[in-house]
Amino acid sequence: MKVLLLGGTGEARELAQTLVSAGVDVVSSLAGRTADARLPVGVVRQGGFGGATGLARWLHDNPVDAVVDATHPFAATMTEHAVSAAREVGVPLLVLRRPGWTPGDRWHWADTTSAAAELLPTLGARAFLTIGRQGLDTFEHSGVWMLARCVDPPEPRPTWCTLILARGPYDVDGELTLLRDHRIDVLVTKDSGGPQTAAKLTAAQLLGIPVIVIRRPPLPAGVDAVESVDRVVEWVEARR
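Residues numbered from 1 in each chain as written. Predicted model: local features only at pLDDT ≥ 70, side-chain atom pairs only at ≥ 80, totals over all residues. Heavy atoms only, no water.

A. Just the overall build of the protein, in detail. Looking only at helices and strands, the protein features seven helices and twelve strands. Against the 2.2 N^0.38 benchmark of 18 Å for 240 residues, the protein shows a C-alpha radius of gyration of 19 Å, consistent with a compact globule. In terms of its C-alpha atoms, the protein occupies a principal-axis envelope of roughly 55 × 35 × 30 Å. Residue burial in the protein is summarised as follows: out of 240 residues, 45% are buried. Put simply, 67% of the contacts in the protein that link residues at least 6 apart link residues at least 24 apart. (Helix = DSSP H or I, 4+ residues; strand = E, 2+ residues; numbered from the N terminus. Rg over C-alpha atoms; globule rule 2.2 N^0.38 Å. Buried < 20%, exposed > 50% of the residue type's maximum accessible area, 1.4 Å probe, protein only. Contact = heavy atoms within 4.5 Å.)

Following this line, the structure appears as structure tokens:
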């Protein structure tokens, strides 16, 4: 049994470990956008495929029994390419998406990053942006003071916000200190889900800070998706 695992998330690393331990031949593919990425066990390839056409070509040249997309919930383009390529080649595909966060008090939903930037000035004057480096420049002209946290620095490095580089997991005490020290009165985040970065939401609720949450992009129509590593393992085992 050979599986192409499109990864980059904690769930993907856990899944790779579980499948390899069960004797499945796993090739994990990482986009290569994060410096010093945490590598999963098994064979690892880094870098893009060249769109849906390039991924289909790779699948033709490197036959696998299944494809599992365990990329970030906001990696919509990669998911679209994976679905298209798998359908073209005729390889079964399953999407692993961890559940989103449970909505809290004072949450304000935005469908896009641009919508979040438009909403921001109505809710506060000192913002904490935790959306990653993709789309950060959308907030440049929002007219509020901003603190942005990313794993890797955007290119070019922004001069319009205070930038801190850090990698989770984070804890509630640390997030409370950060919010207080910078006098943050509004938090902007994506509905990424998972425990690694959830502490900021707890801290914001404890301080009564409103939160702008960017909704996840929808999955392509007709795609099978599950929310846990265990469900993926069951799906793979059923195909052995």
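B. Structural context of the packing of aromatic side chains. All told, the structure shown has two aromatic pairs when counted by the stated rule. A ring pair is formed by W107 and W109, whose centres lie 5.6 Å apart and whose planes are at 65°; its orientation type is edge-to-face. Exposure remark for W107: the relative accessible area of 14% places this residue in the buried category. The partly exposed category is assigned to W109, whose relative accessible area is 30%. Lying over the aromatic face of F49, R45 brings its terminal NZ or CZ to 3.9 Å of the ring centre. It is R149 that lies over the ring of Y170; its NZ or CZ is 3.7 Å from the centre. (Phe/Tyr/Trp six-rings, centres within 6.5 Å; stacked < 30°, edge-to-face > 60°. Lys NZ or Arg CZ within 6 Å of the ring centre and 35° of its normal.)

C. Highlighting helix α3 (residues 76–89). When the terminal C-alpha atoms of α3 are compared, their 20 Å separation across 14 residues agrees well with the 20 Å that a helix rising 1.5 Å per residue should span. If you follow the buried residues of α3, they end up packed against β1 (2–6), α2 (51–61), β4 (66–69) and β5 (93–96). Within two residues after α3, G90 carries a phi angle of roughly 85°, on the positive side. (Expected span 1.5 Å × (residues − 1).)

D. Focus on the nonpolar core. Residues L120, L129, F139, M146 and V188 are the most contacted members of the largest nonpolar core, which totals 20 residues. Of all the secondary-structure elements, those providing two or more residues to this core are α4 (113–119), β7 (126–130), β8 (145–150), β10 (186–190) and β11 (211–214). With three residues, the top contributor of residues to this core is β8. Among the nonpolar cores identified, the runner-up in size contains 19 residues, and A12, V26, L96 and V232 belong to it. (Core = buried A, V, L, I, M, F, W, Y, C linked by side-chain atoms within 4.5 Å.)

E. Main features of the sheet that holds β10. Across the sheet, which stays open at both edges, the six strands sit in the order β6-β11-β10-β7-β8-β9 with parallel pairing between neighbours. Of all the strands in the sheet, the pair left with one neighbour each is β6 (107–110) and β9 (162–165). Geometrically, the sheet is characterised by an average inter-axis angle of 20° between neighbouring strands, direction not taken into account. With respect to the sheet, helix α6 (residues 199–207) is in contact with β6, β7, β8, β10 and β11, its orientation differing from that of β10 by roughly 155°. (Pairing = 2+ DSSP bridges. Axes fitted to C-alpha atoms, helices over the stretch in contact; angles between N-to-C directions.)

F. Highlighting the packing of helix α5 (residues 172–181) against α6. It is at 8 Å that the axes of α5 and α6 come closest, and there the two elements cross at 55°. Relative to α6, the element α5 is oriented oblique. Helix-helix and strand crossings are classified by hand; for α5 and α6 the assignment is right-handed. Of α6, the residues touching α5 (which contributes V172, E175, L176, L179 and R180) are A199, K200, T202, A203, A204, L206 and L207. Taken together, the residues that form the contact of α5 with α6 break down as eight nonpolar, one polar and three charged. (Parallel < 35°, antiparallel > 145°, perpendicular 65-115°, else oblique. Left-handed = near helix turned anticlockwise from the far one by under 90°. Nonpolar A, V, L, I, M, F, W, Y, C, P; charged D, E, K, R; others polar.)

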